[in-house]
Amino acid sequence: MLTSPHLIDAILLLTVVEVVVLVRWRGVRSRVAWGMILPGMFLLLALRAALADAAWPWVPAALTGALVAHSAELWARFRG
């Protein structure tokens, strides 16, 4: 059960719900909310690919996406 890729799907869905709650009810700007959440979602996608025995390029692609998203969020945060 804990090694099922479907568990990661549920976590990803709950993460999208979290972004909607942040934007709708807490007044966080959409770009800020996605900037905070997107790197973690990419890490979850890498974990899902590993658990699902996906083809090898999927894990490094998801990890690269996490790096790019995290770097972009840091750049935007420190820029002002």
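See above for the structure.
Rules of the game
- Each chain has its residues counted from 1, running along the sequence as written.
- Only residues with pLDDT of at least 70 are given local features in this predicted model, and only at 80 or more are side-chain atom pairs given and counted; all residues enter the totals for whole chains, interfaces and linings.
- Only hydrogens and water are set aside when side-chain values are computed; all heavy atoms of the structure are taken into account.
- Working definition: helices are DSSP H or I runs of at least four residues, strands are E runs of at least two. Numbering for both runs from the N terminus.
- Between the first and last residue of a helix there are one fewer steps than residues, each counted as 1.5 Å, and that sum is the expected span.
- A residue's bend is given by the angle between axes fitted to the 7 residues ending at it and the 7 residues starting at it.
- The rule is simple: take the accessible area with a 1.4 Å probe, protein chains only, and divide by the maximum for that residue type; under 20% is buried, over 50% is exposed, in between is partly exposed.
- Any two residues whose heavy atoms approach within 4.5 Å are treated as being in contact.
- Each C-beta atom gives one direction from the helix axis, and the arc is the one those directions make.

Participant: Break down helix H2 (residues 30-51) for me, with residues and values.
Facilitator: Every α-helix carries 3.6 residues per turn, so stepping three or four residues along brings you back to the same face. For H2, which comprises 22 residues, the first-to-last C-alpha distance of 30 Å matches the rise-based estimate of 32 Å (1.5 Å per residue) to within 8%. Maximal helix bending in H2 amounts to about 35 degrees, located at Ile37; proline Pro39 follows within four positions. Of the positions making up H2, those classed as buried are Ala33, Gly35, Ile37, Pro39, Met41, Leu44, Ala46 and Ala49. Looking at the buried residues of H2, the elements they touch are helix H1 (5-24) and helix H3 (58-79). With its phi angle positive at about 55 degrees, Asp53 sits one or two positions after the end of H2.

Participant: Can you explain unusual backbone geometry? Please cite residues and give values.
Facilitator: If you check the backbone angles, Asp53 has positive phi at about 55 degrees while not being a glycine. By the secondary structure assignment, Asp53 is in the loop between H2 and H3. Residue classification places Asp53 among the exposed positions, given a relative accessible area of 69%.

Participant: Pulling in residues and values, what's your account of H3?
Facilitator: Here H3 is 22 residues long and its end C-alpha atoms lie 31 Å apart, about the 32 Å a rise of 1.5 Å per residue gives. Considered for burial, the residues of H3 that qualify are Ala62, Gly65, Ala66, Ala69 and Glu73. All buried residues of H3 project into a common sector of 100 degrees when viewed along the axis, lining one side. In H3, those exposed residues whose orientation departs by more than 90 degrees from the buried face are Leu67, Val68, Trp75, Phe78 and Arg79. Structurally, H3 contributes buried residues whose contacts are with H2. One or two steps after H3, the chain reaches Gly80, where phi turns positive at roughly 150 degrees.

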